[in-house]
2 protein chains.
Amino acid sequence: MNEKIYELAEIIDEDLKKNNLSDTSRQECVESLKKLIPEGSVAIAQINPTSGDVRGNAKKALRWVEWAERLGLDAIIFPELYLLGYPIGDFVDRFPVVVEENIEWLKALASCTKNTKVIIGFAEFNKNKVGKKYYNSVAVLNNGKIENVVRKTLLPNYAEFNDYRHFESSPVNSKDRIVSVGKSKAGIVVCEDGWNDFDFFEKNLYSVDPVEVLVKERHPDYLINCSASVTRAKKEQLKHNMLSFSAKKHKTPIVYVNQVGSSDCLSFEGASRVYDENGDLIYRAKSYEEQFFIVNANDKQGKIYPLPKGLEKTLTEQKAFSLDHEPDLERTYLSVLQSIRDYFSKNGFKRAVLGLSGGLDSTVSAVLLADAIGAENVFGISMPSSITSTESKNDAKELARNLGINFAEIPIKDMFDTAKSELNNAFSKIEKSWNCRFKESFTNDNIQARSRAMILWGVANEFQSCLPIATSDKSELYMGYATINGDMSGGFAPLADISKTKLFALARWLNKNRKTKNAIPESVIKKRPGAELAINPKTGKPLLAEEALMPYEFLDEVIWRVENLQQSITDMLEVEFLYEIHMKEQREPVSQEQKLKWLQKFFKRMSTALYKWTLMPPAPIVDARSVNKSEYNQPVVSSKINYKKTSFEEKLEDLKSKYV
Amino acid sequence: MNEKIYELAEIIDEDLKKNNLSDTSRQECVESLKKLIPEGSVAIAQINPTSGDVRGNAKKALRWVEWAERLGLDAIIFPELYLLGYPIGDFVDRFPVVVEENIEWLKALASCTKNTKVIIGFAEFNKNKVGKKYYNSVAVLNNGKIENVVRKTLLPNYAEFNDYRHFESSPVNSKDRIVSVGKSKAGIVVCEDGWNDFDFFEKNLYSVDPVEVLVKERHPDYLINCSASVTRAKKEQLKHNMLSFSAKKHKTPIVYVNQVGSSDCLSFEGASRVYDENGDLIYRAKSYEEQFFIVNANDKQGKIYPLPKGLEKTLTEQKAFSLDHEPDLERTYLSVLQSIRDYFSKNGFKRAVLGLSGGLDSTVSAVLLADAIGAENVFGISMPSSITSTESKNDAKELARNLGINFAEIPIKDMFDTAKSELNNAFSKIEKSWNCRFKESFTNDNIQARSRAMILWGVANEFQSCLPIATSDKSELYMGYATINGDMSGGFAPLADISKTKLFALARWLNKNRKTKNAIPESVIKKRPGAELAINPKTGKPLLAEEALMPYEFLDEVIWRVENLQQSITDMLEVEFLYEIHMKEQREPVSQEQKLKWLQKFFKRMSTALYKWTLMPPAPIVDARSVNKSEYNQPVVSSKINYKKTSFEEKLEDLKSKYV
């Protein structure tokens, strides 16, 4: 394809975003493009829907359709469930009116179509006596009518996926999946339908491969996959390998259409693409951007936009835990950025307020917010207590200056003192009845964190469209090292799926790769993390997080092993951790006792942190697995799980000592 | 069966709870019972497992098994997934060690069995190349061995159920489902397997009925259903009708074994039972209590313990919204009580602290807590502000006295004043950059609510095993009429699924039915609800909730219609509400404009409340449907859903006016 097509198409993207094109410019653009686009081309609508906003999604779709029509393209292809706006949660169950309306809007949209076929995801009622309420379907619209409907067969129900909750699985029905597109015969599959190749996967979730059936029975010229596939660490590599394998195996090109944008906790990266019949990638759209992407399955000279830097490289290599987070940082940055941007814009928020402690978490949060919603819309508030060091205060101020965000210093001393004295008054009354007062406790630490949150929520109440930000990171959430109604509290938590060692790497990466270099003061990155809420009696200095927990390098590897390898304490005792290797090199080897202690501490703290997880605000999922509510749930009462194996003999003995 | 069996069996229940029986008394009990129990009897283990505590569950099971063995019963039957402890959330996916361990504990348990067969739920690995990781299975243990394994076929995945996430569906395999129990041939099904009769249901979720297949192919003498079935408004009636229908249709008795107890948000009511081949109920265990329940499918003179008062009656009648909540109040009370009790005991909490405002929510919460964990373990704190009326303060005090709970009054004036002045200081700094400060706002109201929550969380931090309680009710949660980090905040929210009109009824019911009558001051019930956070400028008095929202009678019917009938605004405009009938009678009819305004207000407020729902602590589910996270999820960004239908013509016009 002529490279010029993509330059010109940028005008279309701009117009779709801003509706800024005059009729004349539009006409010019159309004429230039029409000369360049080869016969048999189609548009991939790499588009950002809003969950539940059927009207808005339909109106937006029509503008994309009209562009495809103007250019005389054979078809324009939208993502899975586009009209409802993926993900749908459970609203289709509670509010069938949304599904009724999505069908009516589909009909209205169909009545506006002409020669360009519109291939678009929607939800359909299942009218049979047996099965779930709906089908996850794709409609083909043409010449004012709904020409054809394809129903999804494979319904994922793991991690963030919940298709099987509301949708009935359809038999493959290969005949219905065939649609003529120009002179070609295309075969349609819907997302997961394309993810069950028996030769590619070692284990398969489902007993049928719709792609195999469709190709064998109908021999389509190419396959179309309408998807809504989220970004996850390691997923791009898998996706690429699988789609390439499938295209090659079936000697059939694949046009893979993905949605873009974020919805609450899920981030879709776009990067729609085409593989030819040899499994070679011949087209790839932009990542993390809407794009009207013109492709042609018969023209191998396609445009391949680069993936975020390093993405592909990482993922084959990262089969073991590594402190080299670099290869995944650009993806991490872009997907959190998109999540913040879409959470704010889709919910009508404009401003963010956060506490700036001078520590790593609030610092990185501030940078991400400034980049996502604009520095002028971010207010950083330094809220020092008597424990806060001058260095921390200065770091906060310097950061704000470097970022150009708004800044104020509001000491919490008075609030803290009043609350503390009020509470002490309460405690002395209470201890007359309850003889179980702690001598030492986190009470005072927490009053500080909660006073700060009270200020942030107050600002959010008082200023229009303003959301307070929770700055907790993933390592701390696993440890429950976060204060309820304190630093854990906010309307959105950008860092909740980023571990501490990765956050350090991200801070350095931001300093190097943002337009404004070194916005993050070096001292913030060099400082060892600590909440500055309490004094360590041993050192007389503010308690460091690693003193209260365990070395972050060790902690993050435990998390990585839990999420990626599903390992138990027993498994982890048998392998050498990166931290152990490092300490051995420094001639301070970690003993097995120490390792076991840390592992037990990890799982004990995690078990008591379970209820904190239930209280976390929405947060972007970034890693391969997370503790985000929208993909992982663990009952709070499951705190007695034993994460270490015991032998059969120990069990027998335990059973004989009968009473628990 | 001889009534005396059940008197004697109470000794067993007591022993299983407290391990308080001497060897001699045990021997006596065994001998007396053995004379009375007819041949062919089995025990239903109506037992309360702890989610994830495989060791504890196994050890507990053995004690029950030993009693069955002592009595020479043919079998003892445990609930579904007993060893893992239902519900399992996603921990089996992340921690396969739990499943490995449940298999090892099963083997250890098997090695302790003798002549009494043990039929018990556990999870099994699926070792095939295709399918999900596990099977939801039931093992038959006998003479030291695992004799047989039955795998569940139908995997529910709606509301609180998530079976399909982790389990592979097994073909019915009727042969494997047959187990000889004494001289009988029993056929085993697992929970949902028994809920797909094609003649009973108008619509069916699955295409196979395992009961039908099993009965037709193997002609068992009776069926055993191992279940974990939660209590829900209206569910008992459905369950009874269905099981009765199924037994009669297949001319086969059904022994239905249910678990009891609560896990986070789910409450299981027990009430295990037996139906004979005519569909007649011949045995029913207690509700909301563990019970070693001896039954005999061939002896029709069984023991039928009563259900909580009125339960059965309600549910056939309640096909329309009614303000007569009475028939469901005992069940509501018992299931919330059990939820509180188990949440506390399974998590190791002992004490609760809550704010006592003198309002309905905190009052009812206090009563439920006192009854669930003991008055001495509850601390009620009155935290008056300048708006709080003397009456409210006195009501709080009187309630505490009546309940015998601990009480203190801690005015929040100083905290409020300091926070307010600190915040005003912050606001004036911020408004220099952000020209969007609200003239009037909820800021001050929220500072009050948050100061109170700060005190409660402080108490929870300072005193051992103490949990603060969130008192928000269901009507207010739908309206987002609750303060984040304020009254919405706590470790558990007992009322989150009880609507306001039902709460009033529950308060009256508690006054009438508790041992101590009229513990709730009449003035609390008579008072019209209001948070006493702000003054209504029109009346000069504290703002009433109904002034800020809409009449509770109307609001609760909207909620009821959404949850039970899945109605849209359009549907609701077409029916007459109870409130409309009442107002007509009072000659103050509600206009359609007013009704539409309230409906639109409802959905608008609900849409902006979605993000508050994500922050709610665990809370018992009581109604047929709820907004509890463990059964309902709606993306926060889906706030633009249109809950009112528009016509096709309006849609076409809307599409033509192209730009959103």
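Treat the numbers as computed from the prediction; the structure is a model and nothing was measured. (Residues numbered from 1 in each chain as written. Chains lettered and ligands numbered in written order. Predicted model: local features only at pLDDT ≥ 70, side-chain atom pairs only at ≥ 80, totals over all residues. Heavy atoms only, no water.)

### Focus: the interface of chain B and chain A
Short version of the rule: Whether two residues are in contact is decided by their heavy atoms: any pair within 4.5 Å suffices. A 1.4 Å probe defines the accessible area here, and the buried area is the portion of it lost by two parts on being joined, summed over both. Any carboxyl oxygen of Asp or Glu that lies within 4 Å of a side-chain nitrogen of Lys or Arg is treated as forming a salt bridge with it. Each helix corresponds to a stretch of at least 4 residues labelled H or I by DSSP, and each strand to a stretch of at least 2 residues labelled E; elements are numbered beginning at the N terminus. All residues other than Ala, Val, Leu, Ile, Met, Phe, Trp, Tyr, Cys, Pro, Asp, Glu, Lys and Arg, Gly among them, are scored as polar; the first ten of these are nonpolar and the last four charged.
Every contact between the two is made by 152 residues of chain B and, on the other side, 152 residues of chain A. Here chain B meets chain A over a buried area of about 13,400 Å², counting both sides, of which 61% is carbon and sulfur. Taken together, the links from chain B to chain A amount to 10 salt bridges. Of all the elements, helix α14 (residues 443-462) of chain B adds the most residues to the side of chain B that touches chain A, at 13 residues. Looking at the side of chain B that touches chain A, its residues break down into 70 nonpolar, 41 polar and 41 charged.

### Some thoughts on the packing of aromatic side chains
The condition that has to hold: Only Phe, Tyr and Trp rings take part, Trp by its six-membered ring, and two of them pair if their centres are within 6.5 Å. Stacked means planes under 30 degrees apart, edge-to-face means over 60, and tilted covers everything else. Note on exposure labels: buried denotes an accessible area under 20% of the residue type's maximum, exposed denotes more than 50%, and partly exposed covers the range between, all computed with a 1.4 Å probe on protein chains only.
Enumeration over the complete set of coordinates arrives at 61 aromatic pairs over all chains. For the ring pair Tyr-643 of chain A and Phe-95 of chain B, a centre distance of 4.7 Å and an interplane angle of 70 degrees mean the geometry is edge-to-face. With Tyr-643 of chain A in the loop between α22 (592-613) and α23 (648-656) and Phe-95 of chain B in the loop between α4 (91-94) and α5 (96-110), the pair connects residues from two separate chains. Between Tyr-478 of chain B and Trp-613 of chain B the ring centres are 5.5 Å apart and the planes differ by 80 degrees, which places this aromatic pair in the edge-to-face class. One end of the pair, Tyr-478 of chain B, is in helix α15 (residues 474-479); the other, Trp-613 of chain B, is in helix α22 (residues 592-613), with 135 residues separating them in the sequence. The class for Tyr-478 of chain B is buried, based on a relative accessible area of 1%. Trp-613 of chain B gets classed as buried once you look at its relative accessible area, which sits at 6%.

### A look at the confidence of the model for chain A
Definition in use: pLDDT measures how confident the predictor is about each residue, on a scale from 0 to 100.
Within chain A, residue pLDDT values average 95, and 98% of them lie at 70 or more. Here the predicted complex carries an ipTM of 0.96, next to a pTM of 0.96.

### Re helix α5 (residues 96-111) of chain A
Heads up, the condition is: What a helix should span is 1.5 Å times the count of its residues minus one.
In this model α5 of chain A runs 23 Å from its N-terminal to its C-terminal C-alpha over 16 residues, within 8% of the 22 Å that 1.5 Å per residue would give. α5 of chain A sits mainly inside the fold: 12 of its 16 residues count as buried. Listing the buried residues of α5 of chain A in full gives Pro-96, Val-97, Val-98, Val-99, Glu-101, Asn-102, Ile-103, Trp-105, Leu-106, Ala-108, Leu-109 and Ala-110 of chain A. Those residues of α5 of chain A that are buried are in contact with α3 (54-70), α4 (91-94), β3 (117-125), β4 (134-142) and β5 (145-151) of chain A together with α23 (648-656) of chain B.

### Considering the relation of the copies chain B and chain A
Cut-off, in case you're wondering: Least-squares superposition of the copies uses the C-alpha atoms of those residues scoring a pLDDT of at least 70 in each of them.
Mapping chain B onto chain A is achieved by rotating through 180 degrees and translating by 0.0 Å along the same axis, at an RMSD of 0.0 Å. This pairing of chains is accounted for by a two-fold axis. Considering only C-alpha atoms, the part of chain B nearest the rotation axis is Leu-615 of chain B, at 2.4 Å. Looking at chain B, 100% of its interface residues are interface residues in chain A too, so the copies touch through the same face.

### Re the pattern of salt bridges
For the structure shown, the criterion picks out 102 salt bridges over all chains. The closest approach of N and O atoms between Lys-183 of chain B and Glu-39 of chain B, which form a salt bridge, is 3.3 Å. One end of the pair, Lys-183 of chain B, is in the loop between β6 (178-181) and β7 (184-190); the other, Glu-39 of chain B, is in the loop between α2 (23-36) and β1 (42-46), with 144 residues separating them in the sequence. With respect to burial, Lys-183 of chain B and Glu-39 of chain B carry one shared label: exposed. As a salt-bridge pair, Asp-163 of chain B and Lys-152 of chain B come within 2.6 Å of each other at their nearest N and O atoms. Taken together, the residues Asp-163 of chain B in helix α6 (residues 163-166) and Lys-152 of chain B in the loop between β5 (145-151) and α6 connect sequence positions 11 residues apart. Of the two residues, Asp-163 of chain B and Lys-152 of chain B, both sit in the buried class. Among the charged side chains, a salt-bridge network with shared partners connects Asp-328, Arg-331, Lys-474, Asp-497, Lys-502, Glu-563 and Asp-623 of chain A.

### Re the sheet that holds β5 of chain B
Residues and elements named next belong to chain B. Test applied: We treat two strands as partners when DSSP finds at least two bridges between them. Structural elements are reduced to axes, namely lines fitted to C-alpha atoms, with helices fitted over the stretch in contact, and the angle between N-to-C directions of any two is expressed from 0 to 180 degrees.
Read from one edge to the other, the open sheet built from 6 strands follows the order β5-β4-β3-β2-β1-β14, with strand pairing classed as mixed. The open sheet has two free edges, formed respectively by β5 and β14 (291-295), since each of these has just one partner strand. Shown here is a sheet whose adjacent strand axes are inclined to one another by a mean of 30 degrees, direction ignored. Bridging between β1 and strand β2 (residues 75-77) involves 3 bridges; their strand directions are parallel. Bridged to Val-42 within β2 is Ala-75. Each of β3 (117-125), β4 (134-142) and β5 touches α5; the most contacted strand, β3, lies at about 155 degrees to it.

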